[in-house]
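Secondary and tertiary structure notes
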Amino acid sequence: MITALLNRPLAGSCSRAWRGVSRPLVCVRSAHVAATGSTADEERVWEATAQVPFSGARIGSFFQDRPVLKNPFLEDALLRGYLSRHLPERDALSDLCKFGERVANEVDEWGRECELNPPRLVHFDSWGGRVDHIVTSPAWKRMKDLSAQEGLVAIGYERSFGEWSRVYQMCKLFLFSPSSGLYTCPLAMTDGAAKVIQSIGISSAVEEAYSRLTTRQPESFWTSGQWMTERRGGSDVGDGTETVAVPQTDGSYKLHGFKWFTSATDADVTLTLARVQDRRGATTPGSKGLTLFYAEVSRDEDGRLKGIEVQRLKDKLGTRQMPTAELLLDGLQAHRLSEEGRGVASIANMLTITRIHNSISAAAAMRRVVQLARDYATRRTAFGKRLKDHTLHTQTLARMEVETRGAFLMVMDVCRLLGREESGVASQLDTNLLRLLTPVVKLYTGKQAVAVVSEGLECFGGQGYMEDTGLPGLLRDAQVLSIWEGTTNILSLDVLRCVARSSGMVLHAYFTHTKSLLASASGVSSLAPAVNSVDRALSELKDFIQGAATKAPGYLELAARDLAYSLARTYTGALLIDHACWKGASASDTYTALRWCEQDLCPVVTRQARGCYDPSTPALDAALVYDQPTQDRSVP
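Please read these numbers as outputs of a predicted model, since none were measured by experiment.

Let's shift gears to the overall build of the protein chain. Tallying secondary structure elements over the protein chain gives 23 helices and 11 strands in all. Expressed as a percentage of its 636 residues, the buried residues of the protein chain come to 49%. Across the protein chain, every contact between residues at least 6 apart in sequence was considered, and the portion connecting residues at least 24 apart equals 74%. Carbon and sulfur atoms make up 51% of the accessible area of the protein chain, which totals about 30,600 Å².

By the definition in use, this model includes 38 salt bridges. One salt bridge in this structure joins Asp132 and Arg130, with 2.6 Å as the shortest N-O distance. There is no split in this pair, since Asp132 and Arg130 are both buried. Among the salt bridges present, the one from Arg130 reaches Glu309, with a minimum N-O distance of 3.9 Å. Remark: Glu309 occurs in strand β8 (residues 308-313) and Arg130 occurs in strand β2 (residues 130-135); sequence separation between them is 179 residues. A relative accessible area of 19% means that Arg130 is categorised as buried.

What follows deals with the packing of aromatic side chains. Summed over all chains, the structure comprises 14 aromatic pairs. Here Phe99 and Phe176 contribute two aromatic rings whose centre-to-centre distance is 6.1 Å and whose plane-to-plane angle is 40°, an arrangement assigned as tilted. Here Phe176 lies in helix α8 (residues 165-176) and Phe99 lies in helix α5 (residues 90-116), a separation of 77 residues in the sequence. Accessibility classification places Phe99 together with Phe176 in one group, the buried group. Geometry around Phe258 places Arg231 over its ring, the cationic atom sitting 4.1 Å from the centre. Positioned above the aromatic ring of Phe511 is the side chain of Lys542, whose terminal nitrogen or guanidinium carbon lies 5.3 Å from the ring centre.

Running from N to C, helix α4 (residues 77-86) and helix α14 (residues 391-422) point in directions that differ by 30°, and their axes come no closer than 10 Å. In terms of orientation, α4 and α14 fall into the roughly parallel class. For the element pair α4 and α14, the recorded crossing hand is right-handed. Residue-level contacts link Ala77, Leu78, Leu79 and Tyr82 of α4 to Arg405, Phe408, Leu409, Met412 and Asp413 of α14. Tallied by class, the residues present in the contact of α4 with α14 amount to seven nonpolar, no polar and two charged.

Relative to the 20 Å expected for 14 residues at 1.5 Å per residue, helix α18 (residues 505-518) spans 21 Å between its end C-alpha atoms, a close match to the ideal helical length. Within α18, the full set of buried residues consists of Val506, Leu507, Ala509, Tyr510, Phe511, His513, Thr514, Leu517 and Leu518. Close packing links the buried residues of α18 with α14, α15 (428-458), α17 (488-501), α19 (528-548) and α20 (553-580).

Next up on the list: the nonpolar core. Membership of the largest hydrophobic core comes to 154 residues, with the highest contact counts inside it found for Phe176, Tyr510 and Ile577. Ranked by residue count, the leading element in this core is helix α13 (residues 348-377), at 15 residues. If near-sequence neighbours (up to four positions away) are discounted, Phe176 is found in contact with Phe99, Val103, Val107, Met143, Leu146, Ser147, Leu152, Tyr183, Thr184 and Leu187. Grouped together as the second largest cluster of nonpolar side chains are 18 residues, Trp227, Ala274, Ile308 and Leu332 included.

A word on a nonpolar patch on the surface. Taken together, the side chains of Leu624, Val625 and Tyr626 make up a nonpolar region of the molecular surface, amounting to roughly 400 Å² of accessible area. By relative accessible area, which is 63% here, Tyr626 ends up exposed.

Sheet topology places strand β3 (residues 224-229) next to strand β5 (residues 253-263); two bridges connect them, and they run antiparallel. Within β5, the position partnered with Gln226 by the bridge is Ser263. Where strand β4 (residues 244-247) meets β5, four bridges bridge the pair, whose relative direction is antiparallel. Residue Pro247 lies in a different strand from β5, and its bridge partner there is Tyr253. Between the end of β4 and the start of β5, which pair antiparallel, lie five residues, with Gly251 showing a positive phi angle near 95°. For β5 and strand β9 (residues 324-336), the ladder comprises nine bridges, and the chain directions are antiparallel. Each bridged residue has a counterpart across the sheet, and for Leu255 the counterpart in β9 is Leu332.

The general pattern is negative phi for most residues beyond glycine and trans for most peptide bonds. In the Ramachandran plot, Ala264 falls in the positive-phi region, its phi being about 50° despite a non-glycine side chain. By secondary structure assignment, the location of Ala264 is in the loop between β5 and β6 (269-276). A positive phi angle, close to 55°, is found at Phe383, a residue other than glycine. Topologically, Phe383 is positioned in the loop between β10 (381-382) and β11 (385-386).

As judged from the two bridges shared by β4 and β6, these two strands associate in the parallel manner. Across the sheet, the residue bridging to Ala245 is Val276, located in β6.

The next subject is the environment of Met143. Structurally, the position occupied by Met143 is in helix α6 (residues 138-149). Residue Met143 is classed as buried on the basis of its relative accessible area of 0%. Along the chain, Met143 and Leu182 lie 39 residues apart, while their C-alpha atoms are 9.6 Å from each other. In this view, Met143 contacts Val107, Trp110, Gly111, Phe176, Ser179, Ser180, Gly181 and Tyr183; residues no more than four positions away in its chain are not counted.

A few words on the environment of Tyr168. For Tyr168, the position within the fold is in helix α8. The class for Tyr168 is buried, based on a relative accessible area of 7%. With 13 residues separating them in the primary sequence, Tyr168 and Ile155 have C-alpha atoms 7.7 Å apart. Setting aside anything within four residues of it in sequence, one finds Tyr168 in contact with Leu87, Ala92, Asp95, Leu96, Ile155 and Phe161.

The next thing to look at is the side chain of Lys442. On the secondary structure map, Lys442 appears in helix α15. For Lys442, which is buried and forms no salt bridge, the nearest opposite charge comes from Glu485, at a distance of 7.5 Å. Once residues within four sequence positions are removed from consideration, Lys442 is found in contact with Arg355, Asn358, Ser359, Leu481, Ser482, Ile483, Trp484, Glu485, Gly486 and Leu491.

Before going further, it helps to examine the environment of Arg102. Mapped onto the secondary structure, Arg102 falls in helix α5. By relative accessible area, Arg102 is classed as partly exposed at 22%. Taking the C-alpha atoms as reference points, Arg102 and Phe176, 74 residues apart in sequence, are found 9.5 Å from one another. With residues near it in sequence (within four places) discarded, Arg102 still touches Val107, Trp110, Leu146, Gln149 and Glu150. There is a polar contact of 3.0 Å between the side chain of Arg102 and the side chain of Glu150.

The rules behind these values
Residues numbered from 1 in each chain as written. Predicted model: local features only at pLDDT ≥ 70, side-chain atom pairs only at ≥ 80, totals over all residues. Heavy atoms only, no water. Helix = DSSP H or I, 4+ residues; strand = E, 2+ residues; numbered from the N terminus. Buried < 20%, exposed > 50% of the residue type's maximum accessible area, 1.4 Å probe, protein only. Contact = heavy atoms within 4.5 Å. Areas by Shrake-Rupley, 256 points an atom, 1.4 Å probe, with all protein chains shown as cover. Salt bridge = Lys/Arg side-chain N within 4 Å of Asp/Glu carboxyl O. Phe/Tyr/Trp six-rings, centres within 6.5 Å; stacked < 30°, edge-to-face > 60°. Lys NZ or Arg CZ within 6 Å of the ring centre and 35° of its normal. Axes fitted to C-alpha atoms, helices over the stretch in contact; angles between N-to-C directions. Parallel < 35°, antiparallel > 145°, perpendicular 65-115°, else oblique. Left-handed = near helix turned anticlockwise from the far one by under 90°. Nonpolar A, V, L, I, M, F, W, Y, C, P; charged D, E, K, R; others polar. Expected span 1.5 Å × (residues − 1). Core = buried A, V, L, I, M, F, W, Y, C linked by side-chain atoms within 4.5 Å. Patch = residues over 30% accessible without salt bridge, like charges linked within 9 Å, V, L, I, M, F, W, Y side chains within 5 Å. Pairing = 2+ DSSP bridges. Lys, Arg positive; Asp, Glu negative; His and termini not counted. Polar contact = N/O pair within 3.5 Å; in protein donor to acceptor, adjacent residues only side chain to side chain.

Set out below in structure tokens:
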């Protein structure tokens, strides 16, 4: 088979390329040398003998058809099936369908414009005045208006659909995200800020802000930043935050510090952490010294930012559409939101929201690249037939589809739990499950997105690598998803802390609910292999956790990443099985569950058996990573 493919004649391929295309009639003069003694007129005979398609043309007449983005709502069988099962209200479905049409025919072009016209920083005006203007494209501003009009934040707070309002909101963001030019990032932080203000209590200082963050009126809509990261910080805000808050006589504060990484720097307001100075100018170190503040971004009559200097915009691998900057806070007026020293605890709600948004963006990126690759496979011809008719190519697309469906159901289930908690109908099991699954879904989908989108670019061949197709941007933007709001390792350790702080109750909720998801498949013979795989994984997970509890503390830390993956894969398998059992399920739903559960659902047990967490492993890992060549003293 391989030999046959390699030996296909090039001429055959060219003739297929031209098939059905009218060839231009091009006359090429051929020179023939006559025999000795011929007359001058007979020495050279010119004749029109060939039709050469590229002669006299700048390019050939064969072009590849580009993939077409169709209504992403109508094109997504799982999304529509999920909503038909859980949120069949006509108003919601009609709105999502209309919005999907708008995304395909209008918003997607705006997103491309944001990519081609990234933000730029203007430090000074024409007369040398410091202005620090971040100039964004008109499309970026249109995204803001659209976000208000479509209720992309407001839906979660209007709660028109009760406990399913968050699912509805996140489904809309799922359609919007890949076309949004990264505007979903400021929306995530806006949603998170509104959630924090709501959870702490809407005081007079932030009443207007809360109203503006959650409005549907474009002229009133505000977005929020999230200015937490400092030079020494990253995820370690407790030891890394150096910004200080100086109390003022009117009850407000002045913030002084340097923020190393501020996303959506053109936001109207922001939440940030700082250390309150006492009368002697002293602050409390560590997490206990951090307090949460709210600040508005404004300018004076001369156009200068009040209390802020923009040092520079970040030059990033991806997410170039969104302004991210280094900021000097030099007397920024702020209001205290949390109790003193309760800053880290107060941003927990924001992290829950932004991590869920991150997971939505991950699942959406996967869905978008699969949709485009699927469409392209119906258009592109290679080796004599459409890509869709090459079984190996279709197998690859199917594997990507399985990963995408698994990610979608896991994210939607976390949204369901959030909606139940916010509507006041959550059980203690729901609450514990939400606490555990939020870091799990974020870390797992972030890694899935990079892998699936990378595979997706291959489906377009060389065109997947060309910047002017817009496709490479999908991969560059996906890479941030495993980094922002905690890297994979940081979130894996968060899972361990969640287990410890709840005295294991979050794991009890996990095992109880996962088992209940399998109940609907009882007696469904077609799903028996998948059910058996999840049952076995749950049993292995229990045994591992019980055994790990008797080990030294470093044992679980070394296994944290594999444990988080095991929790994600096993739970997703159960969700896919449960979805395959509802009355409206399709044969593809069953096939997806079977395919998902064929993989190693419990890698933490597999790697434990190989000795990956043995006491000797850390030293061997370090020796491998930092291995240095032996110094040869004979070499000068």
